[in-house]
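Read off the chains here:
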Amino acid sequence: MTQPPAQDLESRHALAEAVAREAGIYALGRFRDRAGLDIGSKGAHDDVSDADRQTEALIRRRIAEAFPDDGILGEEGGRSEARNDWLWVVDPIDGTSCFVAGIPVWCVSVAAVHAGRAVIGVVEDPNAGETFSARAGGPATLNGSPIGPSGAIGLGGGSVGVGHSMRIRPAETIGFMTRLLEGGGMFQRNGSGALMLSYVAAGRLIGYYEAHINSWDCLAALVLIECAGGWHNDFLAGDGLTRGNPVLAAAPGVADALRGLAGL
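Per-chain numbering applies: the sequence of each chain, read as written, is numbered from 1 onward. The model is predicted, so local features are restricted to residues of pLDDT at least 70 and side-chain atom pairs to those at 80 or more, both for listing and for counting; the totals for chains, interfaces and linings are taken over all residues. In computing side-chain properties, one takes all heavy atoms of the structure into account and sets aside hydrogens as well as water.

Turning next to the packing of helix 4 (residues 170-182) against helix 8 (residues 255-262). Packed helices, taken two at a time, are described by the angle between their axes plus the distance between the axes. Running from N to C, helix 4 and helix 8 point in directions that differ by 135 degrees, and their axes come no closer than 9 Å. Taken together, the axes of helix 4 and helix 8 are oblique relative to one another. The interaxial crossing formed by helix 4 with helix 8 has right-handed handedness. Touching Phe176, Arg179 and Leu180 of helix 4 are Leu258, Leu261 and Ala262, all from helix 8. Any residue that is not Ala, Val, Leu, Ile, Met, Phe, Trp, Tyr, Cys, Pro, Asp, Glu, Lys or Arg is counted as polar, Gly included; the first ten are nonpolar and the last four charged. Grouping the amino acids of the contact of helix 4 with helix 8 by side-chain chemistry returns five nonpolar, no polar and one charged. Angular values range over 0 to 180 degrees, each being the angle between N-to-C directions of two axes fitted as lines to C-alpha atoms, with helices fitted over their stretch in contact. Working definition: helices are DSSP H or I runs of at least four residues, strands are E runs of at least two. Numbering for both runs from the N terminus. Working rule for angles: under 35 degrees goes down as roughly parallel, over 145 as roughly antiparallel, 65 to 115 as roughly perpendicular, anything else as oblique. Less than a right angle of anticlockwise turn of the near helix away from the far helix marks a crossing as left-handed, whereas a clockwise turn marks it as right-handed. In what follows, residue pairs with any heavy atoms lying within 4.5 Å of each other are defined as contacts.

Rendered as structure tokens:
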């Protein structure tokens, strides 16, 4: 697998952190003044606002200014093709339904893919003042300090984040939750897949499962999990980048148990 030159990786990682923080500051300002939001819908339980679009536009401008040959795939603006091996994958506000409802559970997610491999991930939670960050070959950090997954060795050792979208049948999610509860586990959902996956990297959750998720909602956090020493499935298999896939991530001590429950 092609490894990007260290300087290219470091410079893009620095940009990812800077642009995620800048976008987080902008989005937080819009969150605190929601009366001015223009809110629409892309489908059932799939809100979008002008804050999403404008936050993504800010991120796209910063990337294009620094690395004009890089491609960008964003939830709101679609895909601009690369003239090199780099593609940025961006969700300007993951958790828009929480955002527009005034619930402080949302984040900015910025990932970079090199030659088909996700190698940079930054998840910015401006409400909590937390920056989760990692690049291939380095540690995963939270506000600059190294993080790692839970040491749990059984399903009773913590909570598992569970996501759901209207793109899949409810039975798929309910079946997993039933098996989890019958196995002595517990679940939680906060409305942001990127944040819950980041919590797996930081040891706050022992795992996360969603039967279908889009790449912009998870790729940055999957880099965090890999660099932190956790486990996740091969999300990019079978064109997961553009079509999405199931995602399962876990602390090492519960990975096999959760794989059994999810059938992955």
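Don't stop here, the text continues.
With mixed pairing, the five strands of this open sheet are ordered in space as 12-11-13-15-14. Because the sheet does not close on itself, it has two edges, and the strands there are strand 12 (186-188) and strand 14 (231-232). The sheet contact formed by strand 13 (residues 207-213) and strand 15 (residues 245-250) spans five bridges and is antiparallel. Looking at strand 15, one finds that Gly207 is bridged to Ala250. When DSSP finds two or more bridges between two strands, those strands count as paired.

Take the nonpolar core next. Joining through side-chain atoms within 4.5 Å is the link that ties buried Ala, Val, Leu, Ile, Met, Phe, Trp, Tyr and Cys residues into a set, and such a set is a nonpolar core. Note on classification: 1.4 Å probe, protein chains only; a residue is buried when its accessible area is under 20% of the maximum for its type, exposed when over 50%, partly exposed between these limits. Among the nonpolar cores identified, the biggest contains 40 residues, and Val89, Val123, Phe132, Leu197, Leu219 and Leu222 are the most heavily contacted of them. Elements with a minimum of two residues in this core: strand 5 (86-94), strand 6 (107-114), strand 7 (117-125), strand 8 (130-135), helix 5 (193-201), strand 13, helix 6 (215-228) and strand 15. Discounting chain neighbours no more than four positions away, the residues touching Val123 are Cys107, Val108, Ser109, Glu130, Thr131, Phe132, Ala194, Leu195, Ser198, Ala220, Ala221 and Leu224. Formed by 21 residues, the second largest nonpolar core is a distinct cluster that contains Ala23, Ile59, Phe67 and Ile72.

Right, let's get into helix 2 (residues 50-66). Residue count minus one, scaled by 1.5 Å, sets the expected span of a helix. With 17 residues, helix 2 should reach 24 Å at 1.5 Å per residue; the first-to-last C-alpha distance of 25 Å fits that figure. What helix 2 keeps buried is the set Asp50, Ala51, Asp52, Thr55, Glu56, Leu58, Ile59, Arg60 and Ile63. The residue sitting at the N-terminus of helix 2 and contributing the capping side-chain oxygen is Ser49; that oxygen lies 3.1 Å from the backbone nitrogen of Ala51. Two N or O atoms count as a polar contact when they lie within 3.5 Å, although within protein this holds only if one can serve as hydrogen donor and the other as acceptor, and sequence-adjacent residues are included solely when both atoms are side-chain atoms.

Judged by how many residues are buried, strand 13 sits mostly within the fold: seven of seven residues are covered. Where strand 11 (residues 159-163) lies against strand 13, four bridges are found, and the strand directions are parallel. Looking at the pairing, Gly163 lines up with Glu210 of strand 13.

Summarising the element assignment, Thr96 is placed in helix 3 (residues 96-101). In this structure the side chain of Thr96 is engaged in a polar contact, spanning 2.6 Å, whose partner is the side chain of Asp52.

All right, on to the sheet that holds strand 7 then. The sheet built from eight strands is open, its strands ordered 4-3-5-6-7-8-9-10 with mixed pairing. The open sheet has two edge strands with one neighbour each: strand 4 (78-80) and strand 10 (145-146). Examined bridge by bridge, strand 3 (residues 71-74) and strand 5 share four bridges and lie parallel to one another. Paired with Ile72 across the strands is Trp88, a residue of strand 5. Strands strand 3, strand 4, strand 5 and strand 6 of the sheet are contacted by helix 2, whose axis makes an angle of about 150 degrees with strand 5. Those strands touched by helix 6 are strand 3, strand 5, strand 6, strand 7 and strand 8, and its axis lies near 100 degrees from that of strand 7.

So, on to the environment of Ala249. Checked against the element boundaries, Ala249 lands in strand 15. In this structure the C-alpha to C-alpha distance between Ala249 and Asn84, which are 165 residues apart in sequence, comes to 30 Å. Setting aside anything within four residues of it in sequence, one finds Ala249 in contact with Leu197, Val200, Ile206, Gly207, Tyr208, Ile225, Trp231, His232 and Leu258.

This part takes up the pairing of strand 8. Taken across its six residues, strand 8 has five buried, putting it largely inside the fold. When strand 7 meets strand 8, the two strands line up antiparallel, connected through six bridges. Across the sheet, the residue bridging to Val122 is Ser133, located in strand 8. Linkage of strand 7 to strand 8, two consecutive antiparallel strands, is achieved through a turn of four residues, within which Gly129 is found at a positive phi near 65 degrees. For strand 8 and strand 9 (residues 141-142), the ladder comprises two bridges, and the chain directions are antiparallel. Residue pairing in the sheet places Ser133 in a bridge with Thr141 of strand 9. Linkage of strand 8 to strand 9, two consecutive antiparallel strands, is achieved through a turn of five residues, within which Gly137 is found at a positive phi near 90 degrees.

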